[in-house]
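Overview (structure and organization)
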Amino acid sequence: TLGGLIKFLYVIILKRMEVRDRSKSVNSVDIIFNFDCIGFTGTPFLDNYPTSDYIRHQREDDIPPCIDRSFYAYTNENLPQDEFENRFYRFQGQNSNVKANYLSSDFMNDSLKRGEMETLEAIFNQEGFNRDVMAVDGVKTAPFNVIVDLCGIFKQSTIYDVRSLILKQFGADCFHYIYHIDQIDGSDRVLCIKTQNDVAFDEEFYKYLCRTYGANLRDKIFFFVDNRNYIGKDVPYQLVFQKHFNLPLFVKSVVVAHDVEDFSKIWQAMGRSRTMNDTTFSIYKSSICGEMNGESGSEPIDIKKHPLTKLLYTRNCDCKMAGNLSSIYQTLIALYNLSKNSFYYSDEIVNTFIEKMEKTITKKVSQLEDKLAVVLGEHIVPARILQHIFGDKFGRSSNKTISENDLSADIVNELVRQIVRQKFEQRLPSGDIYDDYIRFLSGEQVSLMEISYTKQQQKQKQKQKAKSQDNDTMDVFDKRHQLLLSKKEEDYFSSTIRDEDDVIKRMLGLPVSIPIFTLHYSGGGRQNVINVYPTVQFLYSHHINPRYITDDVRGVLRGAGVPSRYYEDFLATVAAESKMEELDSKPESEMFHTETTVNRIRQNPQYSLVGIQPGVYIIGMKDQFNIHGIETHPLRDHMQCAMDEIGFVLFDKTNTKSVDEFGPYFIEQYILLDALSKQEVAQNVITYYCRHKDKLEKGLERYNEKRGKGFICWRFLSFDN
């Protein structure tokens, strides 16, 4: 039957995903996980801890402390302010004099509906930009030079969007550079606001900035720190700068913690400043009432004196102490291993989904809970350890029903069974105190139906959320930036056999006569312009900024129904644009200089780029332009050479070997390669073009192209005199 076949296929697929029907794991370490409620160091050897001696010799004296938790503060303790500040002081360590204030972020609920950059603009205004005093030279000073996006408020914006807003807010003379984290590899990058060149923030460039600006460097670089994917990453050279100039690199830091409740994440975001004692902070948090932050508009004060700090910190300690259901389940398994003198545990339930499909999950869960409850009840040491863990955890709960209830052996036994059922989603709400116990042991999860994720599932879910914008998944564009094209085909498969008959493919290959990228470069006493035009298929990728798709673009594509006329209009428009730019070009200096004026392409795209003539290029998807498909393209007579984002030459009709002539070695190809892909070979070519052009030309004269075409074969070129 169809149902049986579907079930069979599901089993095959899931068995491929989880080959083993039993899994073995080292779980004995998890005994330590919940000793005294808190702390997990990560090492897999039980003998490293003093508690191993306690267990081995069945000692009855106090368990030696493994982790210092003296600075924890719990809600149920209701600490006086002085005692809380004392504990928080121990938590702070060297960062003992942090000045901060909390600001309401409720305005973001409305501003985010308008856009992400509108929200950033609102933050600038909130920080008092409109009240800034003009400097003597007429340059506006910014109220802060660091923003840390802790909750992904600006997840769809590029660093170029941030640049445009900074230019709008502060002009071109306030900040000269923007620091950001590359969302592909997590490297430190710096974008030049004037030229839009994006370079690595390495030691050499840092020294260049210090030589140029000295102690004023901190006023010339804006730090845009996206904290979503790289939470533990620090901005480099902060301590070096402070040691050299006796000033913090971060003047004032704005932490956007709009919907973040975990104080440890907020503190970690503040820790992006390695000089916290010398940096002031504004923390934007939702649902802040006046009494939580003192008087509105007050100056930053010691963070431990804020009422909101106490509330967030105690909540965080409560959650850390409670743990989660997976950790307490692993503790049960570890205690079972201890009772059996075993270091490994063999799971009977590996894939819950398969067990549910085969309707064996209920029986296996019942057998598992019987096994754990009986064994843990019969062995004195594991039973006492478990009772100690439960008692210490529940005693910290702010729920008096839990904290004041005595834990008898029968309650512990039943609680073990309830934990096992909940772990495998076989428990129904009981309407008694066990609901409170399970909810408490589930930590941050509120619903009883959402607490059975394993550690591996949690990691996979977090990794999925942290995917960069350039993963192979299209963003859902706003309605006003969507492009709808349709073509009806009676037999699509038959039409794809021959390229000449594949109407859909030819429609996706249509170029749009509105540049998606425009760059001006000067050198040799003349200014030149490069325009890049996208194909329709490139518009449907995740490599473009959706704002490129406007009514003008839609208007151009309305003529796509007549391809021959469409291509004629494209060539005419491009020719007219090139002629106008040629007339408008002005004499320039001999110095090489580039400036990007239009950029609707996201960072590090995958593409193929075909050259029509100097200054005119069409960008398509990775495999859209190649030697095989070019023969049937309507613009085949105009397409001269093509390269991909790495620098590989896909085809070439020019047969030229000159950096000043149109072809695979033409300097424009490598200006684009540097602007779009930041390839090292492109930077080498540009450097040699500016400083050692004669060597570059002689190297090309000697090169026989047996290794391939283009400067991708850089290491095979000889530059010896």
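Values in this document were obtained by computation on a predicted structure and should not be read as measured data.

Moving on to helix α4 (residues 81-92). In this model, α4 (twelve residues) spans 16 Å end to end at C-alpha, consistent with the 16 Å of a helix rising 1.5 Å per residue. Within the sequence span of α4, burial applies to F84, E85, R87, F88 and Q92. Burial along α4 is one-sided: seen end-on, the buried residues are contained in an arc of 165°. Each element contacted by the buried residues of α4 is listed here: α11 (263-270) and α13 (307-322).

With that settled, the discussion passes to the packing of helix α6 (residues 116-126) against helix α7 (residues 159-170). At their nearest, the axes of α6 and α7 sit 10 Å apart, and the two run at 35° to each other. Relative to α7, the crossing made by α6 is right-handed. Across the interface between the two elements, M117, L120, E121, F124 and N125 of α6 pack against D161, V162, L165, I166, K168, Q169 and F170 of α7. Looking at the contact of α6 with α7 residue by residue, the class counts come to seven nonpolar, two polar and three charged.

Further remarks concern the packing of aromatic side chains. Where two aromatic rings form a pair, the distance of their centres and the angle of their planes describe that pair. As enumerated under the stated definition, the model contains 46 aromatic pairs in all. Seen in terms of ring centroids, F154 and F224 are 5.9 Å apart; in terms of plane orientation they differ by 50°. Their pairing is tilted. A residue pair is termed long-range when its members are at least 10 positions apart, and F154 in the loop between β3 (146-149) and α7 and F224 in strand β7 (residues 221-226) qualify at 70 residues. Each member of the pair, F154 together with F224, is buried. An angle of 85° between the planes, with centres 5.6 Å apart, marks the rings of Y533 and F570 as edge-to-face. One end of the pair, Y533, is in strand β13 (residues 526-534); the other, F570, is in helix α26 (residues 563-584), with 37 residues separating them in the sequence. Taken individually, Y533 and F570 each receive the classification buried, so the pair is uniform in this respect. An aromatic cluster of at least three residues, connected via ring pairs, comprises F71, Y72, Y74, F84, F88, F91, F263, W267 and Y313.

Basis of the calculations
Residues numbered from 1 in each chain as written. Predicted model: local features only at pLDDT ≥ 70, side-chain atom pairs only at ≥ 80, totals over all residues. Heavy atoms only, no water. Helix = DSSP H or I, 4+ residues; strand = E, 2+ residues; numbered from the N terminus. Expected span 1.5 Å × (residues − 1). Buried < 20%, exposed > 50% of the residue type's maximum accessible area, 1.4 Å probe, protein only. Arc of directions from axis to C-beta. Contact = heavy atoms within 4.5 Å. Axes fitted to C-alpha atoms, helices over the stretch in contact; angles between N-to-C directions. Left-handed = near helix turned anticlockwise from the far one by under 90°. Nonpolar A, V, L, I, M, F, W, Y, C, P; charged D, E, K, R; others polar. Phe/Tyr/Trp six-rings, centres within 6.5 Å; stacked < 30°, edge-to-face > 60°.

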